[in-house]
Amino acid sequence: MNVLITGGAGFIGSALADALDTAGHMVIPLDNLSVSSRRPSPKGLVVRDVRTLTARDLDGVDTVVHLAALKSVPASFETGNVEHNVAVDRHLLTTFVSSTARRLLMASSCEVYGEQTGPLAENAPFAPRSPYAVGKVATEQLAGIYRPLLDDGRQLGIVRFFNVFGPKEGDDAVVPAFLSAVTGDRPLTIEGDGTQARDLTYIDDAVTMLTRVLDRPELLPVVNLGSGRAVPVRDIAHAVIRAAGRGTITHTSPRINEISSFTADLSRFTRTYGTVDRMPLDEALAHSLESFGRPLATMATRR
Ligand SMILES: NC(=O)c1ccc[n+]([C@@H]2O[C@H](COP(=O)([O-])OP(=O)(O)OC[C@H]3O[C@@H](n4cnc5c(N)ncnc54)[C@H](O)[C@@H]3O)[C@@H](O)[C@H]2O)c1
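In what follows, the accompanying structure is described. Predicted model, so just to flag it, every value in this text is computed and none were measured.

1. Re the overall build of the chain
Per the secondary structure count, the chain includes 10 helices and 12 strands. Projected onto the principal axes, the alpha-carbon positions of the chain cover approximately 60 × 40 × 40 Å. Long-range pairs, those at least 24 residues apart, make up 79% of the contacts in the chain with a sequence separation of at least 6. Of the roughly 13200 Å² that the chain leaves accessible, carbon and sulfur atoms contribute 52%. Taking the average location of the 31 positive side-chain charges in the chain and that of its 34 negative ones, the two points are 2 Å from each other.

2. A closer look at the sheet that holds strand E5 (residues 103–109)
With parallel pairing, 7 strands are arranged side by side in an open sheet as E3-E2-E1-E4-E5-E6-E10. Every interior strand has two partners, whereas the edge strands, strand E3 (46–47) and strand E10 (222–225), have only one. As paired elements, strand E6 (residues 155–161) and E10 share 4 bridges and run parallel to each other. Among the inter-strand pairings, Val-159 is bridged to a residue of E10, identified as Val-223. Packed onto the sheet, helix H3 (residues 81–97) meets strand E1 (2–6), strand E4 (63–66), E5 and E6 and runs at close to 165 degrees relative to E5.

3. Here we look at the sheet that holds strand E11 (residues 230–232)
If you trace the 3 strands from one edge of the open sheet to the other, you get E7-E9-E11, paired in mixed fashion. Whereas interior strands pair on both sides, the edge strands pair on one side only; in this sheet they are strand E7 (163–165) and E11. Taken pair by pair, the neighbouring strands of this sheet meet at an average axis angle of 55 degrees, ignoring direction. Pairing of strand E9 (residues 197–202) with E11, which is carried by 3 bridges, proceeds in the antiparallel orientation. Across the sheet, the residue bridging to Ala-197 is Pro-232, located in E11. Together, E7 and E9 form the strand contacts of helix H6 (residues 203–215), whose direction differs from that of E9 by roughly 75 degrees.

4. Some words on the site of the ligand
Residues in close proximity to the ligand total 28 residues, the closest being Phe-11, Asp-31, Lys-71, Tyr-132 and Val-164. At 3.4 Å from an oxygen atom of the ligand is found a main-chain nitrogen or oxygen belonging to Gly-10. Within the contact set of the ligand, a nitrogen atom lies 3.0 Å away from a backbone nitrogen or oxygen of Val-50. Notes on the ligand: free accessible area 830 Å², of which the protein chains cover 95%. At the level of secondary structure, the elements contributing two or more residues to the shell around the ligand comprise helix H1 (11–22), H3, E5, helix H4 (131–146) and E7. Here the shell around the ligand gets 3 residues from one element, more than from any other, and that element is E5.

5. Details of unusual backbone geometry
Positive phi is not limited to glycine here, since Lys-168 has a value of about 65 degrees. Note that Lys-168 resides in the loop between E7 and helix H5 (174–183). The backbone of Asn-257 shows a phi angle near 55 degrees, a positive value even though the residue is not glycine. Position of Asn-257 among the secondary structure elements: in the loop between strand E12 (249–252) and helix H8 (267–273). The exposure class of Asn-257 is partly exposed, given its relative accessible area of 38%.

Conventions we followed
- Residues numbered from 1 in each chain as written.
- Predicted model: local features only at pLDDT ≥ 70, side-chain atom pairs only at ≥ 80, totals over all residues.
- Heavy atoms only, no water.
- Helix = DSSP H or I, 4+ residues; strand = E, 2+ residues; numbered from the N terminus.
- Contact = heavy atoms within 4.5 Å.
- Areas by Shrake-Rupley, 256 points an atom, 1.4 Å probe, with all protein chains shown as cover.
- Lys, Arg positive; Asp, Glu negative; His and termini not counted.
- Charge placed at Lys NZ, Arg CZ, Asp CG, Glu CD.
- Pairing = 2+ DSSP bridges.
- Axes fitted to C-alpha atoms, helices over the stretch in contact; angles between N-to-C directions.
- Near = heavy atom within 4 Å.
- Polar contact = N/O pair within 3.5 Å; in protein donor to acceptor, adjacent residues only side chain to side chain.
- Buried < 20%, exposed > 50% of the residue type's maximum accessible area, 1.4 Å probe, protein only.

In C-alpha cells:
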C-alpha cells in the first residue's frame, strides 16, 4: 500500500509512519513543520504545506491519512487555528476528489461530542464547545458533502481520536503537560478540581487501532478510536507522580467550557476490527516518562 500521511512529523503521524514502514508499506510523511515536536522526523519526510498539494501529487498514492491540524483547544479560542484547519481540510478534500487516490482517512476528535453523558457512540449529536471542536465538526460535515462525489470503490472515512498519549508528545495536552512538569521539577497543574475525566489511549495501541482500520479495504464513514474508559484528571496526575516517584499538584481555575467526561463507545470499532490489547496506564506512563527526561524514580534510586 502507498500511503501519504499529512501531519507525518507530528505525534500520531510519525508513529504511524514508522509502523507502516516497518510493515513494508511505502510511506510518504508530509508536514510543514509548523508545530514543534519532540519526535525525530520520520524517514522520507516531505516538508510541505497540505494547502499546496495538487491531484497530480497523489498519483500512485493509494491511501491518504490526513492528520495535519493545529490541535490546541485553548489556543483555538484566541487564534486562527480553526480557519486554518478548515481551509486545510477543504483543500485536501477537493484535491482528493479530483485525484486517483482510492481512500482518504481524516482525523476528527472526541471534542465534537462536547458535554454529553455516558459512553459516546458515533451516532450521538454534535455538540462542540470550542472553536477547535467546531473545526472538527466542519471536517466531518465537509467529508459528508464530498463523499457522494466519489466514484465507486473510492472511500472517505473519519476516525474520532480520544486522548492519545505517549513518549515525545508535545506539551499541549494533559498527559504530556504532567510528564513535562514532573521531569522539570514543576508542580502538576490541574485546571479545576480534577474530576473531569479523559479517555486515554497509549500511542502504540492507537497505532495498532489505526493499522487495523487501514488493513481493511473498506473505511467506515466514522469510527471512534479510544479506550472506552475515562480516567479523572486528578487520577492521571497521581499516576504520573507514582511513575516518576515524586511530584506535587497545584490547581488553577477551570478551563473555559471544560467538558466533564469523555468516554468512547467502542462497539463499532470492536465489531469491525476486533479488540486490541492495551498497555496498562501505569506502564504506559512509565514508558512515556523516559522521553521527557530520565525517569526520576530511577535517578533518585541511583543517587
Ligand atoms: N493527539 C490526540 O490526542 C488527538 C485527539 C483528538 C484528535 N486528534 C487529531 O489527530 C490529528 C493528529 O494529532 P497529533 O497529536 O499527531 O498532532 P500534532 O500536533 O503532533 O501533529 C500535527 C502535525 O500537523 C502539521 N501541520 C499542521 N498544519 C499543517 C499544514 N497546513 N500542512 C502540513 N502540515 C501541517 C504540524 O506541523 C504537526 O506536525 C490532528 O488532526 C488532531 O486534531 C489528536
